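Each chain is listed here by its residues.
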Amino acid sequence: MFVVALTYKVPDEIVDFHRPAHMAWVKEAFDAGIFLASGRMVPAVGGVLLSNADRAALDASLAQDPFYSNGVAEFEVIEFTATSVAEGYENLLD
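What you see is a predicted model; the values in this text were computed from it and never measured.

**Section: the packing of aromatic side chains**
Tallied over the entire structure, the rule returns four aromatic pairs. Relative to Phe67, the ring of Tyr8 has its centre 5.8 Å away and its plane inclined at 85°; by these criteria the two rings are edge-to-face. With Tyr8 in strand 1 (residues 2-8) and Phe67 in helix 3 (residues 66-69), this pair connects stretches of sequence that are 59 residues apart. Classification of Tyr8 as buried rests on a relative accessible area of 17%. Note on Phe30 and Phe35: the rings are 6.1 Å apart at their centroids and 65° apart in plane angle, and the pair reads as edge-to-face. Owing to a relative accessible area of 31%, Phe30 belongs among the partly exposed residues under this scheme. Residue classification places Phe35 among the buried positions, given a relative accessible area of 4%. The rings of Trp25, Phe30 and Phe35 are connected pair by pair, giving a single aromatic cluster.

Conventions adopted
Residues numbered from 1 in each chain as written. Predicted model: local features only at pLDDT ≥ 70, side-chain atom pairs only at ≥ 80, totals over all residues. Heavy atoms only, no water. Phe/Tyr/Trp six-rings, centres within 6.5 Å; stacked < 30°, edge-to-face > 60°. Helix = DSSP H or I, 4+ residues; strand = E, 2+ residues; numbered from the N terminus. Buried < 20%, exposed > 50% of the residue type's maximum accessible area, 1.4 Å probe, protein only.

Here is the structure:
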């Protein structure tokens, strides 16, 4: 499983300009089964994505994100193995 942390590296106006295309990409990635969850960081300095896709599929998808291709955000991909989950989230176990 992967946590992807996106940290903005440009002014808010540039983030806002690219946000509609980024959100369309997020929807497509959800539809393709790449992501399990997504959301903004608090404070809004970036975002977080949760994925259970294989690394090659995740990397291919991330490369299509307008935030990536336009240099809007830095991406940190953290791999982890879920060994314990709350009831109802057993599908997250590796």
